[in-house]
Amino acid sequence: MPMLVAQKSAVSDDAISDNVRQRLAIDPDVRGAALEVSVKNGVVTIKGRVHTEKGRKKATEITKKVKGVVNVDNQLALYSDK
């Protein structure tokens with residue numbers, strides 16, 4: 001009988017992406033923003049626009065708290081920026 005191989009405890013990029021999207025969507029300072037979230041090897045890149053600087057900073061804070069996130073590249077701009 002073959003032995004079962006233990007799965008890695010690392011969180012997949014897809015799982016990180018889903019979790020980040022869900023958390024950003026429910027946060028009152030960030031939700032409603034046009035965001036694009038991509039993840040590669042635990043590094044999350046957030047692109048798009050948010051309404052306030054507070055929302056921009058909070059997006060980074062929320063993302064850093066997600067299990068499996070190694071680093072955050074926040075490329076968000078404000079709607080008020082031209």
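Up top is the structure these notes are about.
Just so you know, these numbers come straight off a predicted model, no measurement behind them. (Residues numbered from 1 in each chain as written. Predicted model: local features only at pLDDT ≥ 70, side-chain atom pairs only at ≥ 80, totals over all residues. Heavy atoms only, no water.)

*Asks:* Pulling in residues and values, what's your account of the overall build of the chain?
*Replies:* Secondary structure assignment for the chain yields two helices and three strands. Taken from N to C terminus, the helices and strands of the chain fall in the order α-β-β-α-β. Out of the 82 residues in the chain, the part that is buried amounts to 30%. The long-range fraction of contacts in the chain, counting pairs at least 24 apart against all pairs at least 6 apart in sequence, stands at 63%. (Helix = DSSP H or I, 4+ residues; strand = E, 2+ residues; numbered from the N terminus. Buried < 20%, exposed > 50% of the residue type's maximum accessible area, 1.4 Å probe, protein only. Contact = heavy atoms within 4.5 Å.)

*Asks:* Hey, could you go over the nonpolar core for me, with residue numbers and the actual values?
*Replies:* With 17 residues, the main nonpolar core has Ile16, Val20, Leu24 and Val44 as its most contacted residues. When contributions to this core are tallied by element, the ones reaching two or more residues are α1 (13-26), β1 (34-40), β2 (43-50), α2 (53-64) and β3 (71-78). In this view, Val20 contacts Val37, Val44, Thr63 and Val66; residues no more than four positions away in its chain are not counted. (Core = buried A, V, L, I, M, F, W, Y, C linked by side-chain atoms within 4.5 Å.)

*Asks:* Outline the sheet that holds β1, listing residues and values.
*Replies:* Pairing is mixed across the open sheet formed by three strands, whose spatial order is β1-β2-β3. A strand with exactly one partner marks an edge of an open sheet, and here the two such strands are β1 and β3. Going across the sheet, the axis of each strand differs from the next one's by a mean of 10°, ignoring polarity. Examined bridge by bridge, β2 and β3 share eight bridges and lie parallel to one another. Of the residues in β3, the one forming a bridge with Ile46 is Asn74. Running at roughly 155° to β1, α1 makes contact with β1 and β2 of the sheet. Here α2 sits on the sheet in contact with β2 and β3, set at roughly 160° to β3. (Pairing = 2+ DSSP bridges. Axes fitted to C-alpha atoms, helices over the stretch in contact; angles between N-to-C directions.)

*Asks:* Tell me what's going on with the pairing of β2, and back it up with residues and numbers.
*Replies:* Of the pairings in the sheet, the one linking β1 to β2 comprises seven bridges and is antiparallel in character. Bridge pairing links Ser38 to Thr45 in β2. What sits between β1 and β2 in their antiparallel hairpin is a turn of two residues, with Asn41 showing a positive phi close to 55°. The β-α-β motif built from β2, the intervening α2 and the parallel element β3 has right-handed crossover chirality. (Right-handed = clockwise from strand over helix to strand, strands pointing away.)

*Asks:* Give a description of α1 that names residues and reports values.
*Replies:* Here α1 contains 14 residues, and its C-alpha end-to-end distance of 20 Å stays within 8% of the 20 Å for a straight helix at 1.5 Å per residue. Among all positions of α1, only Ile16, Ser17, Val20 and Leu24 are buried. Viewed end-on, α1 has its buried residues packed into an arc of 100°, placing them on one side of the element. Relative to its buried face, α1 has exposed residues pointing more than 90 degrees away, namely Asp14, Gln22 and Ile26. Looking at the packing, one finds that the buried side of α1 touches β1, β2 and α2. (Expected span 1.5 Å × (residues − 1). Arc of directions from axis to C-beta.)

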